[in-house]
Amino acid sequence: MAASSSSDLPPQHQVFINFRGEDLRLGFISHLVEALENDNINVFIDNYADKGEPLETLLTKIQESRIALAIFSGKYTESTWCLRELAMIKDCVEKGKLVAIPIFYKLDPSTVRGVRGQFGDAFRDLEEPDLTQKKEWKKALKWIPDLIGITVHEKSPESEILNEIVKEVKKALKKVSLEGTLKASVDPLESIYTRTSSGGEKDKTFGIKERIKELEDKLDLVKYKGTRVIGVVGMPGIGKTTLLKEFTETWKGKFFRHALIDQIREKANNFRLECLPTLLLEKILPELNNPQIDSIEEPYKTHKGLLRERKVLVVLDDVSGREQIYALLGKYDLHNKHEWIKDGSRIVIATNDMSLLKGLVHDTYVVRQLNHRDSLQLFRHHAFHYDQAIPSKMDFMKLSDEFVHYTRGHPLALKILGRELYEKNIKHWETKLKILAQSPTTYIGEVVQVSYDELSSAQKDVFLDLACFRSQDVDYVESLLASSDPESTEVIKPLKNKFLIDTYDGRVEMHDLLYTFSRELDLKSSTHGGSKQRRVWQHQDIINVQQKTMGATDVRGIFLDLYEMKGETSLDPEHFKNMCNLRYLKLYNSHCPHECETNNKVNLPDGLKLPLKEVRCLHWLKFPLDELPNDFDPINLVDLKLPYSEIERLWEGFKDTPVLKWVDLNHSSKLCSVSGLSKARNLQRLNLEGCTSLESLQHVNLISLKTLTLSNCSNFKEFPLIPENLEALYLDGTAISQLPDNVVNLKRLVLLYMKDCRLLENIPTGVGDLKSLQKLVLSGCLKLHELPEMKKSSLKILLLDGTSIKSMPLLPSVQCLCLSRNDQISYIPARINQVSQLTRLDLKYCTKLTSVPELPPTLQYLDAHGCSSLKNVAKPLVRVMLTVQNHCTFNFTNCGNLDQAAKEEIQSYAQRKCQLLSDARRHYNGGRSSEALFSTCFPGCEVPSWFGHEAVGSLLQRKLLPHWHVKRLSGIALCAVVSFLDRKYDISCFSVTCTFKIKVEGKSWVPFTCPIGVWTREGDKNDKIESDHVFISYISCPHTIRCLEDENSDKCKFSEVSLEFTVTGSTTRIGIFKVLKCGLNLVYENDKNKNSSHVEKYDVPVKASFEEPEHGIMEEERNINKTRSDDRRAKKKRKTRRDDIMIISTVTQTCVSSVTPRMEDKLIG
């Protein structure tokens, strides 16, 4: 052994190594000892003990050492001597006589800390008669791993790990030498909330101020006069204890006395309930010596007088039973006051189980996950030394974000993970992230295990089941659980109350770390304290069942992802025969959510035996047999899904399926009969999409059916008697020529989808009487010429594109009407402006349409693309109304026959819409948001005259006069004239955008991007843009400009603007698009004193309830605008000056343009 070179260190040994010899002695340990001794560090391992000495000598050596390396490996817990040494190490560390460094050899720290997996099983199997000693060992197993340690992964380079261990040992020895005392490198987990990297000062907290403020709002002393009781709840480890400690420190000064009783669960388990009220009395009445309680029912009867003299703050943490609350506060409810506590006192009760608080609290505060910012700060605080600057490397920053995302804002996981990565290099961080991606670790297993252990056996099974179906509908999950045991559905609520699951938008959800915890439990051969049933996810585990290395009767679920398989595999016909407890059998493809075809499949060359009756869920993608095995009993089957299968029928004969609700056989092209569903009296959804051999539905029980999908059943001709409970019916792509007359009985039908029913010639008159019908899709029904009268209908969406309808139906309730690709309609009824709910009107490719009448003011979307015969539009096109609307689009692309009057009306409408939208946005929200509110496009080659600034080409640069914003700028109108140079080239889509830059004199440019217009070709139709087009867009005043207004409102400075317009399309071909001209107009608030005749005539009046703007339009702006208009009109159009003046006099009263006219633009710009 090498001698020590340090005179101040003991001559014997400095480092004691605690390890399992069977695992490590001849490999890792021998190399570690050599590395330490090569660095002049004295080491002791059991090899160095004198032969014949008692084993107790080894414990003495620990006490003589300065550092202990506790090396945890797979078989560590098989050795009682390893555990005795570990307990001694813990004892020495707690006394300040030893520094311990844990090393996790191919084990996750959480596995050791939680005593889980095979590691935990071996510990529980130890035959140790002294239960007290075994309890001490378990404490050591939980305590030591909470020190900052080193993890050795499967792929960790051993040389690097050895160097790292040597480095840490030398650092610890140096610290011991300098300080003269010995301390553990980190406090244990029970103090995790207040630790620091140095172990001295209190740990920082993040996001705590917001949480305290939210809790304070529920306890407000002014707002709530009487005694107020509040519950604090949240998932295990979420930070309830941290919050309560900080809250108590903040609020204790508001009360004469306060009491924080923590770890109530543990104290109640270790001692009797009678001890709890004594703890409370000691803190509230410290003047009492050895206070005694009267009884557990009335603990404070004797001291009631003293207690009622002063208001107090009582905080109870980690409550796990209602009896604990009663023991501390007496038996009470919200209707009966506490007899021993003074009005105005405040009580806070923290628990993992919300159900304990029912009827006992006035309100509940739920502690949620940390947001990303606070999570990142907490992680960095633990991953880097508290006085160490965070590395500036972008790699560290990016990886930090990844680790924070992994924990999903869970503070305990952030702390533990950060401490694992403490002072590790970037390569170690990257390796750790890859390991977590391949084999996730929960990091909160120990605190979750406490809640899990308190569940009943049935609750444990349901919790593990729910992990297999997370993000599924609550109704679906409850149906799976209740198929044979109705009481099982009641298990969901207790799990939700304990925050082990949650429900969002009708779906069952589970935090990622809880999901990982559940998967870790299922990886064990048995669930300690629960059932032995397993859910199998890995392909190899399924093979192990076949090879009888895993008990078939223990398998509760099989979930095989075919995407993770390589090619095809085959199963023995008796593979599932003995799985009598199998409930869930799923062979699916995670790569495609629609479970389309995959090259990976499971074959059954010799058939299949499935003598099972417990199966609730049977999913099998590409099921290879022509029917399900005859011995399969679907008595408990709830969900049957066999997409892209080879089945011709479900099973032979008729089988009782009393709880079957969902059947999905989509794209089973050989399916010709579904008569096996004749006894499915509770069937709610039947999906037969793409079953091309299916011709009819015979002997099927449809009495409870709500959704029937027969899409693309191309040979389906005969429709059966329609069930009255049907809510959605999909018949698109079928060979149906007519609907049965009894369709009138579908009183609950909401959706009727009959797209591409090319043989359909008429719709029964009864459809018009279906009051529940909301959406009717008849797209592509080429033989359909007319609709029945539908005055009673409440239809909101009517799609008639690609039909031969000759007249436009006008329904008072319709919101979306599509008539595109219709070559029959030549006009639109004038009364369309009375369809008060219409928001979308699609007229694309209506090639015979010649005119558009006045449209309803509610219309937000009009698409008349490709209406080649369209010539006229009404004046006004729309009577705009002062209202807040989202993006409003009117599209007239490829309407080449539009006359000049029609184009001018479109421009006029755009101008009025910009102005009134601007006013509306300001009335509703002050114009703070920046978004495209209006856009239009039409054939043309000129920027409209009401634009205050224009330029030739795609770039517009201007210097705006001082005070151009004058606090009344509401929005910006943009215009681009685009030429499509190669008109022979088919274009599938393109978009027009503007990059807007602005700066005030002496400051830097501030950019933002504005959308101008977008166009997308419909389907596979060949299409070309046949001429130059004008694109106009209005956006509300961006926040960027608002800030400039606020900063420079009192300064006389010029502002510079630069606008660059670009067109991008689906092609990389150069020279397809070109911006010929562009324009900018600054839109201001309207004049409150003058209502133009233009507005009075064409627009819906502003409601009196709206607040009028404070300032009118400046007179000089109106004069400049008029001068600008007069100067340029004669050059652009062949009209008399008198005509120009008449037009401008009307336009300028509606919308005020920029204070800088175009002629001045040319001089200044």
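Where an unreviewed UniProt entry is consulted, the chain appears under the name ADP-ribosyl cyclase/cyclic ADP-ribose hydrolase, with the organism given as Capsella rubella. Looking at the Catalytic activity (unreviewed entry) heading of the UniProt record, one finds this comment for the chain: "NAD(+) + H2O = ADP-D-ribose + nicotinamide + H(+)". Here the chain is described in UniProt, under the heading Subcellular location (unreviewed entry), as follows: "Nucleus".

For the rest of this paragraph, the subject is the overall build of the chain. Scanning the chain from N- to C-terminus turns up 29 helices and 41 strands. Across the 1165 residues that make up the chain, the buried fraction comes to 55%. The contacts in the chain between residues at least 6 apart in sequence include a share of 65% that link residues at least 24 apart. A total accessible area of about 51,400 Å² is found for the chain, and carbon and sulfur atoms account for 48% of it.

Moving on, we get to the sheet that holds strand β5 (residues 150-152). The 5 strands are arranged β2-β1-β3-β4-β5 in an open sheet whose pairing can be described as parallel. Two strands lie at the open edges of the sheet, namely β2 (43-44) and β5, each paired on one side alone. Where strand β3 (residues 67-72) lies against strand β4 (residues 99-105), 6 bridges are found, and the strand directions are parallel. The partner of F72 across the bridge, within β4, is F104.

Structurally, V319 is set in strand β8 (residues 312-319). Setting aside its immediate chain neighbours within four residues, V319 contacts I264, Q324, I325, I349, A350, T351, N352 and L356.

This next bit is on a positive patch on the surface. A cluster of basic residues, K225, R308, R310, K311 and K342, forms a positive patch on the protein surface. Take K225: it is sitting in the loop between α8 (208-219) and β6 (228-233).

It is worth spelling out helix α9 (residues 240-251) at this point. Over its 12 residues, α9 extends 16 Å from the first C-alpha to the last, a length consistent with the 16 Å expected when each residue adds 1.5 Å. Turning to α9, its buried residues are K240, T242, L243, L244, E246, F247, T248 and W251.

On to the packing of aromatic side chains, then. With the rule as written, the count across this model stands at 32 aromatic pairs. Plain terms: the ring middles of Y452 and F463 are 6.0 Å apart, the flat faces sit at 55° to each other, and that makes the pair tilted. Of this pair, Y452 sits in helix α18 (residues 445-453) while F463 sits in helix α19 (residues 457-468); the two residues are 11 residues apart in sequence, bridging distant segments of the chain. Comparing Y452 with F463, the two get one shared label, buried.

Right, let's talk about unusual backbone geometry for a bit. Across the chain, the bulk of peptide bonds are trans and the bulk of non-glycine residues have phi less than zero. With an omega of 10°, the peptide bond running from K875 to P876 counts as cis. Among the secondary structure elements, P876 is positioned in the loop between β31 (872-873) and β32 (888-891).

Right, let's get into the nonpolar core. Counting 132 residues, the largest nonpolar core has F576, L688 and F892 as its most contacted members. For this core, the secondary structure elements donating two or more residues are β14 (555-561), β16 (584-588), β18 (617-620), β32, α24 (900-925), β33 (932-939), β36 (969-980) and β39 (1029-1036). The element that contributes the greatest number of residues to this core is α24, accounting for 7 residues. Setting aside chain neighbours within four positions, we find F892 in contact with L862, A864, L870, V873, L877, L898, I906, T936, C937, F938, P939 and H1029.

Their axes nearest at 11 Å, the elements helix α15 (residues 394-407) and helix α17 (residues 426-438) cross at an angle of 30°. In terms of orientation, α15 and α17 fall into the roughly parallel class. The interaxial crossing formed by α15 with α17 has left-handed handedness. Of the residues in α17, those touching α15 at D395, F396, L399, S400, E402, F403 and Y406 are I426, W429, E430, K432, L433 and L436.

Turning our attention to the pattern of salt bridges. Going through the model one piece at a time under the given rule, you end up with 44 salt bridges. Here E249 makes a salt bridge to K252, at a shortest N to O gap of 3.2 Å. Overall, E249 belongs to the partly exposed group, its relative accessible area being 48%. Connected through salt bridges with shared partners, the residues R20, E22, K75 and E78 form a single ionic network.

Of all the 8 residues making up helix α5 (residues 117-124), 6 are buried; the element is thus mostly covered by neighbouring parts of the structure. Along α5, the residues that are buried comprise G117, F119, G120, D121, A122 and F123. Close packing links the buried residues of α5 with β3, α3 (80-94), α4 (109-113) and α6 (131-143).

In this section: the pairing of strand β1 (residues 15-18). Residues V15 and I17 point to one face of β1 and F16 and N18 to the other, with burial holding for every one of them. In this sheet, β2 lies alongside β1 in parallel orientation, the contact comprising 2 bridges. If you follow V15 over to β2, its bridge partner there is V43. Handedness of the crossover joining β1 and β2 through helix α1 (residues 21-38): right-handed.

Turning our eyes to something else, we now look at the sheet that holds strand β9 (residues 346-351). With respect to topology, 5 strands assemble into an open sheet ordered β7-β8-β9-β6-β10, the strand pairing being parallel. Single-partner strands in this sheet number two, and they are β7 (257-261) and β10 (363-366). Recorded for the sheet is a direction-independent mean angle of 15° between the axes of neighbouring strands. The sheet contact formed by β8 and β9 spans 5 bridges and is parallel. Directly across from L316, in β9, lies its bridge partner I349. Against the sheet, α9 makes contact with β6, β7, β8, β9 and β10, and its axis sits at roughly 170° relative to β8, the strand it touches most. On top of the sheet, helix α11 (residues 275-284) reaches β7 and β8; it is set at about 145° to β7, its chief contact.

Mapped onto the elements of the fold, S73 is located in the loop between β3 and α3. Given the relative accessible area of 1%, S73 is considered buried. Side-chain polar atoms of S73 contact the side chain of D23, separated by 2.7 Å. Residues in contact with S73, not counting those within four places in the same chain, are R20, D23, L24, Y105, L107 and F119.

As a further point, take a negative patch on the surface. Taken together, the side chains of E274, D294, E297 and E298 make up a negatively charged region of the molecular surface. Secondary-structure assignment places E274 in the loop between α10 (264-270) and α11.

Assignment of secondary structure puts S479 in helix α20 (residues 474-482). Here the alpha-carbon distance between S479 and K661, two residues 182 residues apart in the chain, equals 8.5 Å. Residue contacts for S479: discarding those within four places in its chain leaves V638, K661 and W662. From its side chain, S479 meets the backbone oxygen of D475 in a polar contact 2.8 Å long.

This brings us to the packing of α3 against α6. When two helices pack together, their arrangement is given by the angle between their axes and by how far apart the axes lie. Contact geometry for α3 and α6: axes closest at 9 Å, N-to-C directions at 65°. One way to sum up the angle between α3 and α6 is to call them roughly perpendicular. α6 is crossed by α3, and the crossing has left-handed handedness. Along the contact surface, α3 presents T80, L83, R84, L86, A87, K90, V93 and E94, while α6 presents Q133, W137, K139, A140, L141 and W143. In terms of residue class, the contact of α3 with α6 is built from 8 nonpolar, 2 polar and 4 charged.

Right, let's get into the state of the cysteines. Under the defined criterion, the tally for this structure stands at 0 disulfides. The closest cysteine sulfur to the non-disulfide-bonded C781 is located on C757, 5.1 Å from its own sulfur. No disulfide involves C975; its nearest neighbouring cysteine sulfur is the one of C1078, lying 8.4 Å away.

Right, let's get into the side chain of K661. Mapped onto the elements, K661 comes out in the loop between β19 (639-641) and β20 (662-664). We note that K661 is buried and unpaired, the nearest opposite charge coming from D475 at a distance of 4.2 Å. A polar contact is formed between the side chain of K661 and the side chain of S479, at a distance of 2.9 Å. With residues near it in sequence (within four places) discarded, K661 still touches D475, S479, V638, N682, L683, Q684 and R685.

About the criteria used
- Residues numbered from 1 in each chain as written.
- Predicted model: local features only at pLDDT ≥ 70, side-chain atom pairs only at ≥ 80, totals over all residues.
- Heavy atoms only, no water.
- UniProt positions renumbered as here; feature names shortened; annotations may be inferred.
- Helix = DSSP H or I, 4+ residues; strand = E, 2+ residues; numbered from the N terminus.
- Buried < 20%, exposed > 50% of the residue type's maximum accessible area, 1.4 Å probe, protein only.
- Contact = heavy atoms within 4.5 Å.
- Areas by Shrake-Rupley, 256 points an atom, 1.4 Å probe, with all protein chains shown as cover.
- Pairing = 2+ DSSP bridges.
- Patch = residues over 30% accessible without salt bridge, like charges linked within 9 Å, V, L, I, M, F, W, Y side chains within 5 Å.
- Salt bridge = Lys/Arg side-chain N within 4 Å of Asp/Glu carboxyl O.
- Lys, Arg positive; Asp, Glu negative; His and termini not counted.
- Charge placed at Lys NZ, Arg CZ, Asp CG, Glu CD.
- Expected span 1.5 Å × (residues − 1).
- Phe/Tyr/Trp six-rings, centres within 6.5 Å; stacked < 30°, edge-to-face > 60°.
- Core = buried A, V, L, I, M, F, W, Y, C linked by side-chain atoms within 4.5 Å.
- Axes fitted to C-alpha atoms, helices over the stretch in contact; angles between N-to-C directions.
- Parallel < 35°, antiparallel > 145°, perpendicular 65-115°, else oblique.
- Left-handed = near helix turned anticlockwise from the far one by under 90°.
- Right-handed = clockwise from strand over helix to strand, strands pointing away.
- Polar contact = N/O pair within 3.5 Å; in protein donor to acceptor, adjacent residues only side chain to side chain.
- Nonpolar A, V, L, I, M, F, W, Y, C, P; charged D, E, K, R; others polar.
- Disulfide = S-S within 2.5 Å.

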